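# Observations on chain architecture
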Amino acid sequence: MMTATATASSIAPKLGHNSVVKPAHIGEEEWALRCQLADCYHLVDFMGWTETIFNHISARLPGPAHHYLVNPFGLNYTEVTPANLLKVGLDGEKLEPSPYDANPAGFALHSAIHEARADIHCVIHTHTTEVSAIVQKKQAFSHNDFYGAQLYGRVGYHTFEGITLFADEKPRMLESLGDKHILVLRNHGIAVGESSIAKTFFLLWTVQRAAEIQTLADSMRGEDVELSTEVRQKCSDLTAMLIRDSGFAVKFFDAMVRKMRAERGPGW
């Protein structure tokens, strides 16, 4: 049975993965999820949101054990394939042999969310220049532009405690996140999570666009036209509904994969 991690239309392996051989021990559903997660890594690179070999995207596997897939530490996002993704447990330890290890900096954040939030099946962490600039400011997101308004009431804020390496920070990060799907890691970056890879990627794109527009607006002369609370809430509610109740995010994700392959070649 298909889980909430991906829809039937978007989970099918795409052209770029036809040349990657599925290991015999991996089932069809897990392989399809691996293919989509590899696409997500390649898209984040395509969009210019990578931090060399750092940062992480994880996808929870079906089942009660809360196992999840994550990138092999040391590889560029362009080098991630469905086959070399690591399967790890909540302790961050590999569950299957691999010549690669997981990035220990991703363990506390990803394992905490995957263990505590049944509604979140994918987590993406980035710190692009624009996002990092926004989260360094006390105000953080202002919600006065088209994309920023869509984030109103949907962001949790977590005080910077240093590089996220230690398990004792997990409960504090979860408290900061609450029931939201966007976690600002102050003085650091962003983490977003949703019920599927496609929805998470779309949410990340919205956050990134809000950061880009706000940083540019803040560099210009003149006062902002501030949006009312009512308009911000309306925008936020409508966006949440689109993600929740339509195939909007899947269409967006699949379109971006097609665009990436058209520009980089079908091997992607």
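Here is a short report on the structure shown in this document. Bear in mind that the values here come from a model prediction, so they are computed numbers and not experimental data.

## Digging into the overall build of the protein chain
Summing up its helical and strand segments, the protein chain has nine helices and seven strands in all. Against the globule reference of 18 Å for 268 residues, the protein chain gives a C-alpha radius of gyration of 18 Å, in line with a compact fold. Referenced to the eigenvectors of the C-alpha coordinate spread, the extents of the protein chain come out at roughly 60 × 45 × 35 Å. Burial statistics for the protein chain: of 268 residues in total, 51% are counted as buried. In the protein chain, the share of contacts with a sequence separation of at least 24, taken over all contacts with a separation of at least 6, comes to 70%. For the protein chain, the exposed surface amounts to about 12400 Å²; the carbon and sulfur share of it is 58%. Across the protein chain, the mean location of the 25 positive side-chain charges is 4 Å away from that of the 31 negative side-chain charges.

## Examining the nonpolar core
Ile57, Phe141, Ile190 and Phe201 are the most contacted members of the largest nonpolar core, which has 51 residues in total. Of all hydrophobic cores here, the second largest spans 10 residues; its members include Ala108, Ile113, Val123 and Met173.

## Remarks on unusual backbone geometry
Unusually for a residue other than glycine, threonine 52 sits at a positive phi of about 50 degrees. Tracing the sequence through the fold places threonine 52 in the loop between helix H2 (28–46) and strand E1 (56–60). The exposure class assigned to threonine 52 is exposed, which follows from its relative accessible area of 52%. Residue asparagine 187 is not a glycine yet carries a positive backbone phi of 60 degrees. Along the chain, asparagine 187 turns up in the loop between strand E6 (182–185) and strand E7 (189–194).

Conventions used here
- Residues numbered from 1 in each chain as written.
- Predicted model: local features only at pLDDT ≥ 70, side-chain atom pairs only at ≥ 80, totals over all residues.
- Heavy atoms only, no water.
- Helix = DSSP H or I, 4+ residues; strand = E, 2+ residues; numbered from the N terminus.
- Rg over C-alpha atoms; globule rule 2.2 N^0.38 Å.
- Buried < 20%, exposed > 50% of the residue type's maximum accessible area, 1.4 Å probe, protein only.
- Contact = heavy atoms within 4.5 Å.
- Areas by Shrake-Rupley, 256 points an atom, 1.4 Å probe, with all protein chains shown as cover.
- Lys, Arg positive; Asp, Glu negative; His and termini not counted.
- Charge placed at Lys NZ, Arg CZ, Asp CG, Glu CD.
- Core = buried A, V, L, I, M, F, W, Y, C linked by side-chain atoms within 4.5 Å.

Read these as layout, nothing more, since geometry by itself doesn't imply function.
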